[in-house]
Amino acid sequence: MKRISSQLPSYDSSYYLRLHEWQLNQQNNKIAAQSRIKDLRDDPLAAARSVRLQSAILRSDQYASNTAALQESLASSEGQLRSAMDVLQRIRELGVQGANGIYDAAQLAYMGEEVDQLLAELVTIGNARDESGNYLFSGTAVRTEPFRLTRGRVPGGASDLVVEVDYLGNDGGNPVEVTEGTAISTVMSGNRAFWAEQQQLYATVDATQYRVQAD
């Protein structure tokens, strides 16, 4: 014959009351936090899925922020390039007119002077700065003036004209990720923006076997 304690029902009732109180407290905490998962142990699988989704949301927010910053920084460059296209269009018109063979030497000299002024204007555009004082077309060397203009005597010219333009910036980029696996540079190098073809280096010494040891 087994003996049953008379206090056992009381213990059971107390236990279940505390259990329900704890469960009620948990539900109240979730309602207050507006989240079904308050602790990872509540639902480990759902918690892991939630962490992945939160990470994706944070990445999307960062991509949106990067895109907005890119649009702002490249807007100035786009405006300067549009101005450069207008200048180049005028230079092209003068080149076509001068090649017609119907103008005398004095008229051609005037055209040459205008082309010289337009070339100087192009250099000014290439040396444009943004609102922070950084050069737009010097690559990552944003504090270096990208283009240096050299004037000199030209046969048939009445005064010193543009004879050379040197690019002093670099070809570096500052890539910013806008989507997963896709990055766009926030800076633009002048040698890519204004040169019609890739630059080449020439030397009087045969360097075909030379290998660069460092960047």
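Residues numbered from 1 in each chain as written. Predicted model: local features only at pLDDT ≥ 70, side-chain atom pairs only at ≥ 80, totals over all residues. Heavy atoms only, no water.

1. Concerning the environment of Arg59
- Tracing the backbone shows Arg59 in helix H2 (residues 44–98).
- Counting along the chain gives 119 residues from Arg59 to Val178, while the straight-line C-alpha distance between them is 9.6 Å.
- Here Ser55 takes part through its side chain, which lies 2.9 Å from a polar atom of the side chain of Arg59. (Helix = DSSP H or I, 4+ residues; strand = E, 2+ residues; numbered from the N terminus. Polar contact = N/O pair within 3.5 Å; in protein donor to acceptor, adjacent residues only side chain to side chain.)

2. Focus: the side chain of Ser138
- As for its placement among the helices and strands, Ser138 is situated in the loop between helix H3 (105–126) and strand S1 (147–152).
- Ignoring anything within four residues of it in the chain, the contact list for Ser138 reads Thr144, Pro146, Tyr167, Gly169, Asn170 and Met188. (Contact = heavy atoms within 4.5 Å.)

3. Some remarks on H3
- For H3, built from 22 residues, the straight-helix expectation of 32 Å at 1.5 Å per residue is met to within 8% by its first-to-last C-alpha distance of 31 Å.
- Along H3, the positions that sit buried rather than exposed are Met111, Asp116, Leu118, Ala120, Leu122, Val123, Ile125 and Gly126.
- Residue Asp104 occupies the N-cap position of H3, its side-chain oxygen lying 3.2 Å from the main-chain nitrogen of Ala106. (Expected span 1.5 Å × (residues − 1). Buried < 20%, exposed > 50% of the residue type's maximum accessible area, 1.4 Å probe, protein only.)

4. Notes on the nonpolar core
- Core analysis: the biggest nonpolar cluster contains 8 residues, these being Ala84, Val87, Ile91, Leu94, Met111, Leu118, Leu122 and Ile125.
- Going through the elements one at a time, H2 and H3 are the ones with two or more residues in this core.
- Discounting residues that sit within four places of it in the chain, Leu118 has contacts with Val87, Arg90, Ile91 and Leu94. (Core = buried A, V, L, I, M, F, W, Y, C linked by side-chain atoms within 4.5 Å.)

5. Some details on the packing of aromatic side chains
- What the rule picks out here adds up to 3 aromatic pairs.
- Arranged with centres 5.1 Å apart and planes meeting at 80°, the rings of Phe137 and Phe194 form a pair that is edge-to-face. Remark: Phe194 occurs in helix H4 (residues 190–194) and Phe137 occurs in the loop between H3 and S1; sequence separation between them is 57 residues.
- Residue classification places Phe194 among the partly exposed residues on the basis of a relative accessible area of 27%.
- Measuring from ring centre to ring centre gives 5.6 Å for Phe147 and Phe194, while their planes differ by 85°; the resulting arrangement is edge-to-face. Separated by 47 residues along the polypeptide, Phe147 in strand S1 and Phe194 in helix H4 bring together distant segments of the chain.
- Residue class for Phe147 comes out buried when judged on its relative accessible area of 5%. (Phe/Tyr/Trp six-rings, centres within 6.5 Å; stacked < 30°, edge-to-face > 60°.)

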